[in-house]
Amino acid sequence: MSLNLSDKTYVIMGVANKHSIAWGIAQALDQAGATLIFTIMSDRFKKSLTKLTAELEHNKEPMIVNCDVSEDQDVENAFKEIKGKVDGIDGVVHAIAFANKEDIEGRYVDTSRDGFLHSLNISAYSLTKVANESKELMNEGGSIVTLTYLGGERAVPNYNLMGVSKSALESSVRYLAQDLGQDGIRVNAVSAGPIRTLSSKAVGDFSTILSEIEKRAPLKRNIDQIEVGNSVAFLLSDLASGVTGEVLHVDSGYHIVG
Ligand code: N5H
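Residues numbered from 1 in each chain as written. Predicted model: local features only at pLDDT ≥ 70, side-chain atom pairs only at ≥ 80, totals over all residues. Heavy atoms only, no water.

An unreviewed UniProt entry annotates the protein chain as Enoyl-[acyl-carrier-protein] reductase [NADH] of Abyssicoccus albus. The record held by UniProt for the protein chain lists under Pathway (unreviewed entry) the comment "Lipid metabolism; fatty acid biosynthesis." Quoted verbatim from the Subunit (unreviewed entry) field of UniProt, the annotation for the protein chain is "Homotetramer." (UniProt positions renumbered as here; feature names shortened; annotations may be inferred.)

In structure tokens form, the structure reads like this:
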């Protein structure tokens, strides 16, 4: 399956380790020949990312920029730094979310104000800020893709506060798509099925969730990071030039099952 993105430059935000969905996306984009720029929350992630990128074909020593999305200044500086180094970018992948552990177990009704604001800040507002800063350096036909999960549409057990954050994120995708259409920028989300990542580490009965998909999803199997990566690559590419404000489910079709 070959997509040629050799004339494209994309910013990928949110690679934590080799299991990250963002890393699956990076691999898919690298295979298509794209130039990649990575942002990391802090230096803590630098060493592991450098080790990972060494295995890529086209991006062995990519530009890596620190960007803690909870700080406006950080997001502004990150995109300024990128602007200084490249002619322009063709898209951004936003693969960032956070909820305190206690807010993704137990009862949603117990969520604290601080926990709520923190999760919405990192998981939803950050996309708005990133979209605003990245639009300054986006080439014609730019594309922004974020990641969401079914729990943003339905009350999925234990997703709790993250579900509320993902609802806000998906709504943001629509309003950003509406706003940025006039700048030729598309904004979409991929709703990925459950995958074992650092996020899912915090989840007690993840195996039960995975086997539920194997039993009930139309494709009778789970999906992996590369499949998400390939769909994100499509949305970033000019093949998706008519698609914006969309939430594309890459979940073996699980979301259609009643
Ligand atoms: C129904 C489920 C299972 C329950 C929900 C899990 C949701 C996880 C998402 C958030 C992003 C996880 C999170 O923030 C964990 C943190 O409290 C602790 N981890 C960290 O601080 C690490 C070190 C850093 C790197 O992580 C972050 N986020 O900064 C949903 C599952 C079936 C699917 C799933 C796992 C969805 C999802 O959104 O990830």
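Next comes the rest of the description.
K.L.:
Would you take a moment to explain the packing of aromatic side chains for this structure?
P.N.:
Scanning the model with the defined rule gives two aromatic pairs in all. Arranged with centres 6.4 Å apart and planes meeting at 35 degrees, the rings of Trp23 and Phe38 form a pair that is tilted. Pair noted here: Trp23 is in helix H1 (residues 21–31) and Phe38 is in strand S2 (residues 35–40), with a separation of 15 residues, a long-range link. According to the relative accessible area criterion, Trp23 is buried, its value standing at 5%. By relative accessible area, Phe38 is classed as buried at 0%. With a centroid separation of 4.8 Å and 65 degrees between ring planes, the pair formed by Tyr149 and Tyr159 is classed as edge-to-face. Taken together, the positions of Tyr149 in the loop between strand S5 (138–148) and helix H5 (160–180) and Tyr159 in the loop between S5 and H5 put the pair ten residues apart, joining distant regions of the chain. Considered together, Tyr149 and Tyr159 belong to a single accessibility category, that of buried residues. (Phe/Tyr/Trp six-rings, centres within 6.5 Å; stacked < 30°, edge-to-face > 60°. Helix = DSSP H or I, 4+ residues; strand = E, 2+ residues; numbered from the N terminus. Buried < 20%, exposed > 50% of the residue type's maximum accessible area, 1.4 Å probe, protein only.)

K.L.:
Got a minute to help me understand the sheet that holds S5 in this structure?
P.N.:
Strand pairs in the sheet, formed through backbone hydrogen bonds, run parallel or antiparallel to each other. Pairing in this open sheet of seven strands is parallel, and the strands run S3-S2-S1-S4-S5-S6-S7 from one edge to the other. Across the chains shown, the open sheet's two edge strands, defined by having one partner strand only, are strand S3 (63–66) and strand S7 (247–250). Recorded for the sheet is a direction-independent mean angle of 20 degrees between the axes of neighbouring strands. As paired strands, S2 and S3 are joined by four bridges and run parallel to one another. Of the residues in S3, the one forming a bridge with Phe38 is Ile64. The strands that helix H7 (residues 225–236) touches are strand S1 (9–13), strand S4 (89–94), S5, strand S6 (186–192) and S7; relative to S6, the one it contacts most, it runs at about 165 degrees. (Pairing = 2+ DSSP bridges. Axes fitted to C-alpha atoms, helices over the stretch in contact; angles between N-to-C directions. Contact = heavy atoms within 4.5 Å.)

K.L.:
When you look at unusual backbone geometry in this model, what are you seeing that I'm missing?
P.N.:
Trans is the common state for peptide bonds, and a negative phi is the common state for residues other than glycine. Positioned with a positive phi, Asn160 is a non-glycine residue whose angle comes to about 45 degrees. Tracing the backbone through its elements, the reader meets Asn160 in helix H5. If you check the backbone angles, Lys220 has positive phi at about 55 degrees while not being a glycine. Structurally, Lys220 can be placed in the loop between helix H6 (206–216) and H7.

K.L.:
Help me understand the UniProt feature "binding site: substrate" (unreviewed entry) in the protein chain, please; the structure alone is not making it clear to me.
P.N.:
Here, the residues flagged by UniProt with the feature "binding site: substrate" (unreviewed entry) are Ala99. Along the chain, Ala99 falls in the loop between S4 and helix H4 (113–134). On the accessibility criterion, Ala99 (11% relative accessible area) is buried. Setting aside anything within four residues of it in sequence, one finds Ala99 in contact with Ile104, Ser119 and Met162.

K.L.:
Can you walk me through helix H2 (residues 46–53) in this structure?
P.N.:
Residue pairs three or four apart in sequence face the same way in an α-helix, which turns once every 3.6 residues. Residues of H2 that are buried include every one of Leu49, Leu52 and Thr53, and no others. Burial along H2 is one-sided: seen end-on, the buried residues are contained in an arc of 90 degrees. Those residues of H2 that are exposed and aimed more than 90 degrees away from the buried face are Lys47 and Lys51. On its buried face, H2 is in contact with H1, S2 and S3. (Arc of directions from axis to C-beta.)

K.L.:
Hey, could you run me through the packing of H4 against H5 in this one?
P.N.:
When two helices pack together, their arrangement is given by the angle between their axes and by how far apart the axes lie. The N-to-C vectors of H4 and H5 enclose an angle of 20 degrees; their axes lie 9 Å apart at closest approach. Accordingly, the angle class assigned to the pair H4 and H5 is roughly parallel. The interaxial crossing formed by H4 with H5 has right-handed handedness. Of H5, the residues touching H4 (which contributes Gly115, Phe116, Ser119, Leu120, Ser123, Ala124, Leu127, Thr128 and Ala131) are Leu161, Met162, Val164, Ser165, Ala168, Leu169, Ser172, Val173, Leu176 and Leu180. Residues belonging to the contact of H4 with H5 are distributed by class as follows: 13 nonpolar, six polar and no charged. (Parallel < 35°, antiparallel > 145°, perpendicular 65-115°, else oblique. Left-handed = near helix turned anticlockwise from the far one by under 90°. Nonpolar A, V, L, I, M, F, W, Y, C, P; charged D, E, K, R; others polar.)

K.L.:
What's the story with the site of the ligand in this structure? I'm lost.
P.N.:
Around the ligand sit 20 residues in total, of which Ala97, Phe98, Ala99, Tyr159 and Ser199 are the nearest. Separating a nitrogen atom of the ligand from a backbone N or O atom of Ala97 is a distance of 2.7 Å. Take Tyr159: an N or O atom from its side chain is 2.5 Å from an oxygen atom of the ligand. Taken together, the residues of the shell around the ligand sort by class into 15 nonpolar, four polar and one charged. (Near = heavy atom within 4 Å. Polar contact = N/O pair within 3.5 Å; in protein donor to acceptor, adjacent residues only side chain to side chain.)

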